Amino acid sequence: MNKSVTVAMSGGVDSSAAAILLLEQGWDVRGATMRHFDSKEMGFPEDEGLEASIERAKEVCRILSIPHEVIDVQREFREEIIDYFVEEYRCGNTPNPCTRCNPMIKWGAFLDRLDTDFMATGHYVTVEERDGLYRVFRAKDRNRDQTYMLWGLTQKMLSRTLFPLDHLPKSRVREIAKERELPVHDSPDSQENCFIPGDYRDFLRKYFDEKPGDIVLHDGTKIGEHKGLSFYTIGQRRGMELPWSAPLFVLEIDAANNRLVVTDDPKRLETDVFEIGQVNWLDGAMPDIDNIGVQIRYNSKPVAVREIAGTKVTLEQPVRAVTPGQSAVFYHDTQLLGGGIIRRSS
């Protein structure tokens, strides 16, 4: 085998184990790490953040005797991810930057600059080529499944990607790294927002001022004041500190009027219709199949879809706290079909 594969090395155990497995399979393996932000600028301590991750990745590659390079994608990451993250919160949405970063940065600017036949990652997903198309399925270890984060990928991207960890549990991945005496074998799992060292609200304050505003009931009655809209998300119960006869839940974030709309009736949080934008289907078009389920947040279970009409999704039964900015990800059994960004619910 003489084809090359570059492993996207994060400095963690998953990508390190992926490199080991590919070496054992006979691939010409290289390592590369994205430099997508400035750790000092973002407020990370010296021994944390991206620079520390790059050094760990370099050390792993040294131990494995494979070359390593650093690819600078800071400009693209700032424009497409950081600016997007800030603007979504400014508009009252709750974004998931990872689902955008994967197709636009990791499988976009980063992959485009790699001189390699294939890229490999440490994601826990399964990919199979069937009928000339690449199909994505949930990982064998469902507790580690990361298909939700990959709904934005295309057939071209999938055709150039290897996922060596698809069949392994996390425990075995750590064993593989430990057997090669890699220092990252017991490293903690990565955090959700890699570019934010602490509370995301402290990060947002660098970009815009939080303005207090009215908290109103669903009928428009003012009952208090909020600290700033980015402190809240749809369905949230804690943090309002208002005396009330029943628990209060965030029903709507009205950024245009700087109002937080709340309710003491949990049934009002339920909806069976919502709109999505930026839709992507992995096969290139919406699949003509029945029994489609949609997952409306990373840790939720899929719910049955009655109909998808353009950007309008109708469910078989109401779900709670459909949140603008989050990803709606579609499945057929264990197969990932595609997804979109939730824009509003009815």
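Each value, and the rule that gives it
- Residues numbered from 1 in each chain as written.
- Predicted model: local features only at pLDDT ≥ 70, side-chain atom pairs only at ≥ 80, totals over all residues.
- Heavy atoms only, no water.
- Helix = DSSP H or I, 4+ residues; strand = E, 2+ residues; numbered from the N terminus.
- Expected span 1.5 Å × (residues − 1).
- Buried < 20%, exposed > 50% of the residue type's maximum accessible area, 1.4 Å probe, protein only.
- Contact = heavy atoms within 4.5 Å.
- Pairing = 2+ DSSP bridges.
- Core = buried A, V, L, I, M, F, W, Y, C linked by side-chain atoms within 4.5 Å.
- Phe/Tyr/Trp six-rings, centres within 6.5 Å; stacked < 30°, edge-to-face > 60°.
- Lys NZ or Arg CZ within 6 Å of the ring centre and 35° of its normal.

### Some remarks on helix α1 (residues 13-24)
Consideration 1: Compared with an ideal rise of 1.5 Å per residue, which puts twelve residues at 16 Å, α1 spans 17 Å between its outermost C-alpha atoms and is within 8% of the ideal.
Consideration 2: A large share of α1 lies buried, amounting to ten of its twelve residues.
Consideration 3: For α1, the set of buried residues is Val 13, Asp 14, Ser 15, Ser 16, Ala 17, Ala 18, Ala 19, Ile 20, Leu 21 and Leu 22.
Consideration 4: Residues of α1 that are buried sit in contact with β1 (4-8), β2 (28-35), α3 (49-64), β4 (118-120), β7 (161-162) and α7 (170-179).
Consideration 5: Gly 26, located one to two residues past α1, shows a positive phi value of around 95 degrees.

### Some details on the pairing of strand β10 (residues 249-254)
Consideration 1: As paired strands, β10 and strand β11 (residues 259-263) are joined by five bridges and run antiparallel to one another. Along β11, the bridge assignment pairs Phe 249 with Thr 263.
Consideration 2: Adjacent in sequence and paired antiparallel, β10 and β11 are bridged by four residues, among which Asn 258 carries a positive phi angle near 50 degrees.

### With respect to the nonpolar core
Consideration 1: In this structure, Phe 77, Trp 107, Phe 110, Phe 195, Phe 203 and Leu 336 are the most contacted members of the largest nonpolar core, which totals 45 residues.
Consideration 2: Elements with a contribution of two residues or more to this core: β2, α3, α4 (74-90), α5 (97-112), α6 (155-159), α8 (200-204), β16 (327-332) and β17 (335-345).
Consideration 3: The greatest single-element share of this core, amounting to seven residues, is contributed by α4.
Consideration 4: Setting aside anything within four residues of it in sequence, one finds Leu 336 in contact with Val 136, Thr 147, Leu 150, Trp 151, Leu 282, Val 329, Phe 330 and Tyr 331.
Consideration 5: Counting residues in each nonpolar core, the second largest holds 29 residues, with Val 5, Ala 19, Leu 22 and Trp 27 among its members.

### Re the packing of aromatic side chains
Consideration 1: Summed over all chains, the structure comprises 14 aromatic pairs.
Consideration 2: Measuring from centroid to centroid gives 6.3 Å for Phe 37 and Phe 77, while their planes differ by 40 degrees, and the two rings are tilted. One end of the pair, Phe 37, is in the loop between β2 and α2 (39-42); the other, Phe 77, is in helix α4, with 40 residues separating them in the sequence. Neither Phe 37 nor Phe 77 differs from the other in exposure class; each is buried.
Consideration 3: Aromatic side chains Trp 107 and Phe 163 sit 6.3 Å apart centroid to centroid with 35 degrees between the ring planes, which places their arrangement in the tilted category. Linking Trp 107 in helix α5 with Phe 163 in the loop between β7 and α7, this pair joins segments that are 56 residues apart in sequence. The pair formed by Trp 107 and Phe 163 is uniform in burial state, with each residue classed as buried.
Consideration 4: Taken together through their ring pairs, the aromatic side chains of Phe 37, Phe 44, Phe 77, Phe 85, Tyr 89, Phe 195, Tyr 200, Phe 203 and Tyr 207 make up a single cluster.
Consideration 5: Between Arg 100 and the ring centre of Tyr 84, over which it is positioned, the NZ or CZ distance is 4.1 Å.

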